[in-house]
Amino acid sequence: MPITRNEAKRKMQQGQMALGFQVYHLRSVATPLLAAASGHDFLFIDMEHGAFSMQEATQLCIAALPTGVAPIVRVCAGALDEGTRLLDNGAMGIVVPHVDTPQQAKRIADALHYPPAGTRSWGGPPALYGYQASDVGLAQREINDEIMTVVMIESPEAVRNADAIAATPGIDVLLFGSFDLTTELGIPGQMGHKKLIDAYQAVGDACRKHGKILGMGGINENEDARRFVGMGCRFVLTGSDHSYLLGGAQAKSEFMRTLVNQ
């Protein structure tokens, strides 16, 4: 059976933007269909802040594979064992938060790639192959090419080390955790502050130098998004199921309540 291709990764490698939204609350296998219907390229399934079990996360991943929407999962810092299990069971990428050094980045890249690129263990044909792969060597090479390894830049130390992190083989995306970074910079939530803009510039320069993808997370205002996408962000989080549900529901309820006052 042929491998399922990561179209979101392909888009970004061609210089296009891939859009995804964070999933905290949704559990239905309809979630990736809703993502596709709303013009998104990937799901960002959040096991760091969301209350997902491994079973729930992998079921969403497997449901996403035939839709063309890439299932990407954020694990907790250091939970690389969960990352490899997720990759075996449908995930097409792993996001690791709080990556501050190239040593951490290398450990992550090694854990999530098969030899000779890394040390990932072969647990039998994974979901990306429909659990069927006759040539193990070919399967491992193809899977290494399709998965997306995302490290999060969330501290001043990470910004200072961005060049070395971006130079690490096997790392695809350097994703800003903008809220945590602004907090550590002493400007919590100030997405238009020069300190954050300078950080995006520094990490963006490192990404361009080493052929890596710059990612934007935690940016909710349109003008801030315009700025950072203009600075080269191509892995872009547009919001979350939480913000979409709440925003849409509030807008509709507020409109309906105006009708009795007309």
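On a predicted model such as this, the values are computed, not experimentally measured, just so you know.

Q: How would you summarise helix H6 (residues 136-146) if you had to cite specific residues and measurements?
A: Taken together, the buried positions of H6 are Ala-139, Gln-140, Glu-142, Ile-143, Asn-144 and Glu-146. Structurally, H6 contributes buried residues whose contacts are with helix H1 (7-13) and strand S5 (148-153). Two to three positions downstream of the cap, the backbone nitrogen of Gly-137 sits 3.2 Å from a side-chain oxygen, assigning the N-cap of H6 to Asp-135.

Q: Give me the lowdown on the pairing of strand S4 (residues 93-96), citing residues and values where you can.
A: Side chains of S4 alternate between two faces, with Gly-93 and Val-95 and Ile-94 and Val-96 buried alike. In this sheet, S4 lies alongside strand S3 (residues 70-74) in parallel orientation, the contact comprising three bridges. Pairing of Val-73 across the sheet is with Ile-94, part of S4. In this region the chain leaves S3, passes through helix H4 (residues 80-88) and returns to the parallel neighbour S4; the handedness of that crossover is right-handed.

Q: Lay out the side chain of Asn-144 in plain terms, naming residues and giving numbers.
A: Here Asn-144 lies in helix H6. Excluding residues within four positions of it along the chain, Asn-144 makes contact with Lys-9, His-113, Tyr-114 and Ala-117.

Q: Give a detailed account of the environment of Glu-142, specifying residues and quantitative values.
A: You can see Glu-142 is positioned in helix H6. Beyond its immediate stretch of four places on either side in the chain, Glu-142 contacts Ile-3, Arg-5 and Tyr-129. For Glu-142, the side chain forms a polar contact with the side chain of Tyr-129, separated by 2.3 Å.

Quick notes on the rules
Residues numbered from 1 in each chain as written. Predicted model: local features only at pLDDT ≥ 70, side-chain atom pairs only at ≥ 80, totals over all residues. Heavy atoms only, no water. Buried < 20%, exposed > 50% of the residue type's maximum accessible area, 1.4 Å probe, protein only. Helix = DSSP H or I, 4+ residues; strand = E, 2+ residues; numbered from the N terminus. Contact = heavy atoms within 4.5 Å. Polar contact = N/O pair within 3.5 Å; in protein donor to acceptor, adjacent residues only side chain to side chain. Pairing = 2+ DSSP bridges. Right-handed = clockwise from strand over helix to strand, strands pointing away.

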